[in-house]
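A closer look at the structure
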Amino acid sequence: DAGITQSPRHKVTETGTPVTLRCHQTENHRYMYWYRQDPGHGLRLIHYSYGVKDTDKGEVSDGYSVSRSKTEDFLLTLESATSSQTSVYFCAIRTSASGANVLTFGAGSRLTVL
Amino acid sequence: AQSVSQHNHHVILSEAASLELGCNYSYGGTVNLFWYVQYPGQHLQLLLKYFSGDPLVKGIKGFEAEFIKSKFSFNLRKPSVQWSDTAEYFCAATGFGNEKLTFGTGTRLTIIP
């Protein structure tokens, strides 16, 4: 998995509670991404980071925030989880040195919001 | 807006049949194209990629894809599928130098033994 660890792998929570998902990499890559995967929608970009403390929004960023205080960790936070945020969340890192966007994905975190 | 379309939502084939999955993109300028595969219960893995040069690219496990610029297409092919090819396949695209990768909605492939 190119040194990508996501935690937790599974979580069940209740509507209105905060949730933080962690992505940890061991290879010092600059770019990190959070996607969500839903049936019929494929993968949609939530947020991404291009360096420590440098983040930007993706196409479905509402309701999510991110932080990157260290190169190796990229955190995704749902401040107040809703049922529409039930999904599988994938972290990815950009592993190509050529400038092109080749992503390597983590194993995913399955979140259920009741 | 940048987008990627996969019109085949679910494809069912028998073993040894030939496969072609469609992918169309809308991007201006230079484009980088990818096919990823997700086997049941697993994460996405890169099958193949196109950056430039020969429009026919070969990937792992006997897959290939052809970039046809005039049709904005990057279809995935395999001459003879196996049961182990059962998976979901995602086409993705980005403009050269762009930081964001846009995915299609995916095609679920079921191979019947």
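An account of the accompanying structure is given in this report. (Residues numbered from 1 in each chain as written. Chains lettered and ligands numbered in written order. Predicted model: local features only at pLDDT ≥ 70, side-chain atom pairs only at ≥ 80, totals over all residues. Heavy atoms only, no water.)

1. Let's talk about the overall build of chain A
Regarding its fold elements, chain A presents zero helices and eleven strands. In chain A, the succession of helices and strands from N to C terminus is β-β-β-β-β-β-β-β-β-β-β. Here chain A has a C-alpha radius of gyration of 13 Å; the compact-globule value for 114 residues is 13 Å, and the two agree. Seen along its three principal axes, the alpha-carbon backbone of chain A occupies a region of about 40 × 30 × 25 Å. Taking all 114 residues of chain A together, the buried fraction comes to 49%. Partitioning the contacts of chain A with sequence separation of at least 6, the portion at a separation of at least 24 is 53%. (Helix = DSSP H or I, 4+ residues; strand = E, 2+ residues; numbered from the N terminus. Rg over C-alpha atoms; globule rule 2.2 N^0.38 Å. Buried < 20%, exposed > 50% of the residue type's maximum accessible area, 1.4 Å probe, protein only. Contact = heavy atoms within 4.5 Å.)

2. Considering the sheet that holds strand 3 (residues 19–25) of chain A
All names here are of chain A. Ordered in space as 1-3-8-7, the four strands form an open sheet in which the pairing is antiparallel. Looking at strand neighbours, the two that pair on one side only are strand 1 (4–7) and strand 7 (65–70), the edges of this open sheet. In this sheet, adjacent strand axes meet at a mean angle of 20° when their direction is disregarded. Of the strand pairs in this sheet, strand 1 and strand 3 are connected by four bridges, and their pairing is antiparallel. Each bridged residue has a counterpart across the sheet, and for Ile4 the counterpart in strand 3 is Gln25. (Pairing = 2+ DSSP bridges. Axes fitted to C-alpha atoms, helices over the stretch in contact; angles between N-to-C directions.)

3. Let's talk about the interface of chain A and chain B
When the parts of a complex come together, some accessible area is lost, and that lost area is often taken as the interface size. With 24 residues of chain A in contact, the opposing surface of chain B contributes 20 residues. Summed over both partners, the interface of chain A with chain B buries about 1700 Å², with 57% contributed by carbon and sulfur atoms. There are zero salt bridges connecting chain A and chain B. Taken together, the connections running from chain A to chain B amount to four residue pairs in polar contact (both at pLDDT 80 or more). Among the elements of the structure, strand 4 (32–38), strand 5 (42–51), strand 9 (87–94) and strand 10 (103–105) of chain A are those that each provide at least two residues to the side of chain A that touches chain B. When residues in the side of chain A that touches chain B are grouped by element, the largest group, five residues, is from strand 5 of chain A. Of the residues that constitute the side of chain A that touches chain B, the class distribution is 13 nonpolar, eight polar and three charged. (Buried area = accessible area lost by both parts, 1.4 Å probe. Salt bridge = Lys/Arg side-chain N within 4 Å of Asp/Glu carboxyl O. Polar contact = N/O pair within 3.5 Å; in protein donor to acceptor, adjacent residues only side chain to side chain. Nonpolar A, V, L, I, M, F, W, Y, C, P; charged D, E, K, R; others polar.)

4. Details of the pattern of salt bridges
Two side chains carrying opposite charge are able to pair once their charged atoms lie near each other. Inspection of the entire model under this criterion finds eight salt bridges over all chains. A:Arg36 is the partner of A:Asp38 in a salt bridge, and the nearest nitrogen-oxygen pair spans 2.8 Å. Of the two residues, A:Asp38 and A:Arg36, neither departs from the other in class, the shared state being buried. For B:Glu66, the salt bridge identified is with B:Arg77, shortest N-O distance 3.1 Å. Within this pair, whereas B:Glu66 is found in strand 8 (residues 64–68), its partner B:Arg77 is found in strand 9 (residues 73–78), the two being separated by eleven residues in sequence. Under the relative-accessibility criterion, B:Glu66 is labelled partly exposed at 28%. Bridged by salt links that share partners, the residues B:Lys58, B:Glu64, B:Glu66 and B:Arg77 form one connected network.

5. Overview of the environment of B:Phe63
Residue and element names in this part refer to chain B. Mapped onto the elements, Phe63 comes out in the loop between strand 7 (56–58) and strand 8. On the basis of relative accessibility, which here comes to 1%, the residue Phe63 falls in the buried class. For the pair Phe63 and Trp35, spaced 28 residues apart in the sequence, the C-alpha separation amounts to 9.7 Å. Residues in contact with Phe63, not counting those within four places in the same chain, are Leu19, Leu47, Leu48, Val57, Lys58, Leu76, Arg77, Lys78, Asp85 and Tyr89.

6. Let's talk about the state of the cysteines
All names here are of chain A. In this structure the tally under the stated criterion is two disulfides over all chains. Here Cys23 connects covalently by a disulfide to Cys91, the sulfurs 1.9 Å from one another. In this structure, the disulfide formed by Cys23 and Cys91 twists by about -70° around the S-S bond and is classed as left-handed. Linking Cys23 in strand 3 with Cys91 in strand 9, this pair joins segments that are 68 residues apart in sequence. (Disulfide = S-S within 2.5 Å.)

7. So, the nonpolar core
Among the nonpolar cores identified, the biggest contains 29 residues, and B:Trp35, B:Leu48, B:Phe74, B:Leu76 and B:Tyr89 are the most heavily contacted of them. Apart from the residues within four sequence positions on either side, B:Leu48 is in contact with B:Leu33, B:Phe34, B:Trp35, B:Val57, B:Lys58, B:Gly59, B:Phe63, B:Glu64, B:Ala65, B:Phe74 and B:Leu76. (Core = buried A, V, L, I, M, F, W, Y, C linked by side-chain atoms within 4.5 Å.)

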